[in-house]
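Descriptive analysis of the structure
Chain residues, written in single-letter form:
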Amino acid sequence: MTEHDRALSSVLDTVGNTPLVCVQAGPADVSIYAKLESFNPGASVKDRIGAYMLERLLERGDVGEGGTVVEPTAGNTGIGFAVAAQQLGLDAVFVVPERFSLEKQQLMRALGAEVINTPTDDGMGGAIDRAHELADELDDAVVPQQFSNPLNTEAHYETTGPEIYDALDEVGAVVAGCGTAGTLMGIARYAREQNPDTYVAAVEPEGSLYGEFLGEDRSEGEYKIEGIGTHNTDTNELFEPELVDDIYPIPDEHAHEELARLAAEEGHLVGSSAGAASVAARHVATQIADGEIDAPHDSVVTVFPDSSERYLSKGIYGSFEEWSG
Ligand code: PMP
């Protein structure tokens, strides 16, 4: 657990214990709080699984000190794993589809990792296949497999969930974006143990197929929101439909408008997945206020996974056309 009131020996000791801050635009009677994950040393929620998963994999002997971690990632996971790998004495290789932000790839390299790009058209599935091929070629390598490894969910069950309940006595609803779904599943499992009636909502970009897990119709399409969503639910092995009440598809334009509003009105410099999470959290809060959702308490917790600074080269604060074009 992070302690900010004493000197620390490594940035790894600063992972987690991020602030939980009110989203002020919510309805009068229902509070919304966001966990600000850009306060982590690698500036995203993924530092949590970097530290947690690599420590467990080393403990279990799945990889030895001096070995290599190979992971397919949209970027933030690479940064989180790169920080942890460096501090724990591991080499790191990341396989990143080309479309993801250049800032992230520069940061991974700065942290000492090797970055290998795969074609955008091959999607995350192509990156996953390439990571396994690379690991097979190395002597002592492990693929943590954030998309299927229960340690991903466990990291959030052990850290993010308890931190939320340390900061807040009563949580009515949990709303979070799903990339691997580790963040939402870990928090949701912990939340349902505190109160089985806690309302849980997943967030995905419009054009993503997570809704199919709940039997909803979805038509696949491209989206610009980065870090959440899926084009192939077979790769999202951590998603547990029984822990989720609803899945909200958020259009790129709404997420973009909201991330700009969060900066202009509330001082939050957050990425597009946080914009989408905020739109959905406000929607859930309004539904609770209107009696359309029966939540056990008048509060909604969401997660802002990373910072807008990671997307300045993509024109995140330009017009919608500039950002999405
Ligand atoms: N937002 C961003 C910016 C991310 O990088 C990720 C991780 N892919 C997420 C949200 C979703 O987190 P999770 O993988 O735990 O569902």
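Check the entry above for the structure.
This write-up is about the structure you can find in this document. All of these numbers come straight from a predicted model, not from anything done at the bench.

Moving on: the site of the ligand. Among the 16 residues in the neighbourhood of the ligand, the closest are listed as Lys46, Gly179, Thr180, Thr183 and Ser273. Between the ligand and Lys46 there is a distance of 2.8 Å, counted from an oxygen atom to a side-chain nitrogen or oxygen. At 2.6 Å from an oxygen atom of the ligand is found a side-chain nitrogen or oxygen belonging to Thr180. For the ligand, the protein covers 96% of the area, taking 390 Å² as the surface of the free molecule. When grouped by side-chain class, the residues that make up the shell around the ligand number five nonpolar, eight polar and three charged.

The next thing to look at is helix 7 (residues 252-266). Compared with the 21 Å implied by 1.5 Å per residue over 15 residues, the 20 Å span of helix 7 between its first and last C-alpha is a close match. Buried within helix 7 we find Asp252, Ala255, His256, Glu258, Leu259, Arg261, Leu262 and Glu266. Here the buried face of helix 7 lies against strand 1 (20-22), strand 9 (246-250), helix 8 (272-289), strand 10 (299-304) and helix 9 (320-324).

The strand order across the open sheet built from six strands is 1-2-10-7-8-9, with neighbouring strands paired in mixed fashion. Each end of this open sheet is capped by a strand with a single partner; those strands are strand 1 and strand 9. Across the sheet, the axes of successive neighbouring strands diverge by a mean angle of 25°, strand direction being ignored. Note that strand 7 (residues 173-177) and strand 8 (residues 199-205) share five bridges and pair parallel. Across the sheet, the residue bridging to Ala173 is Tyr199, located in strand 8. Set on the sheet, helix 5 (residues 150-167) makes contact with strand 1, strand 2 (31-36) and strand 10; between it and strand 2 the angle comes to about 135°.

This structure, assessed with the given rule, holds 17 salt bridges. Here Glu163 makes a salt bridge to Arg48, at a shortest N to O gap of 2.9 Å. Here Glu163, found in helix 5, pairs with Arg48, found in helix 1 (residues 47-60); they are 115 residues apart in sequence, far enough to count as distant. A single burial state applies to Glu163 and to Arg48, both of which are buried. Linking Arg56 and Glu59 is a salt bridge whose minimum nitrogen-to-oxygen distance equals 3.0 Å. Taken together, the residues Arg56 and Glu59, both in helix 1 and three residues apart, mark about one turn of the helix. For Arg56, a relative accessible area of 18% corresponds to the buried category. On the basis of relative accessible area, Glu59 is assigned to the exposed category, the value being 59%. Through salt bridges that share partners, Glu258, Arg261, Glu265, Glu266 and Arg282 make up one connected network.

What counts and what doesn't
Residues numbered from 1 in each chain as written. Predicted model: local features only at pLDDT ≥ 70, side-chain atom pairs only at ≥ 80, totals over all residues. Heavy atoms only, no water. Near = heavy atom within 4 Å. Polar contact = N/O pair within 3.5 Å; in protein donor to acceptor, adjacent residues only side chain to side chain. Areas by Shrake-Rupley, 256 points an atom, 1.4 Å probe, with all protein chains shown as cover. Nonpolar A, V, L, I, M, F, W, Y, C, P; charged D, E, K, R; others polar. Helix = DSSP H or I, 4+ residues; strand = E, 2+ residues; numbered from the N terminus. Expected span 1.5 Å × (residues − 1). Buried < 20%, exposed > 50% of the residue type's maximum accessible area, 1.4 Å probe, protein only. Contact = heavy atoms within 4.5 Å. Pairing = 2+ DSSP bridges. Axes fitted to C-alpha atoms, helices over the stretch in contact; angles between N-to-C directions. Salt bridge = Lys/Arg side-chain N within 4 Å of Asp/Glu carboxyl O.

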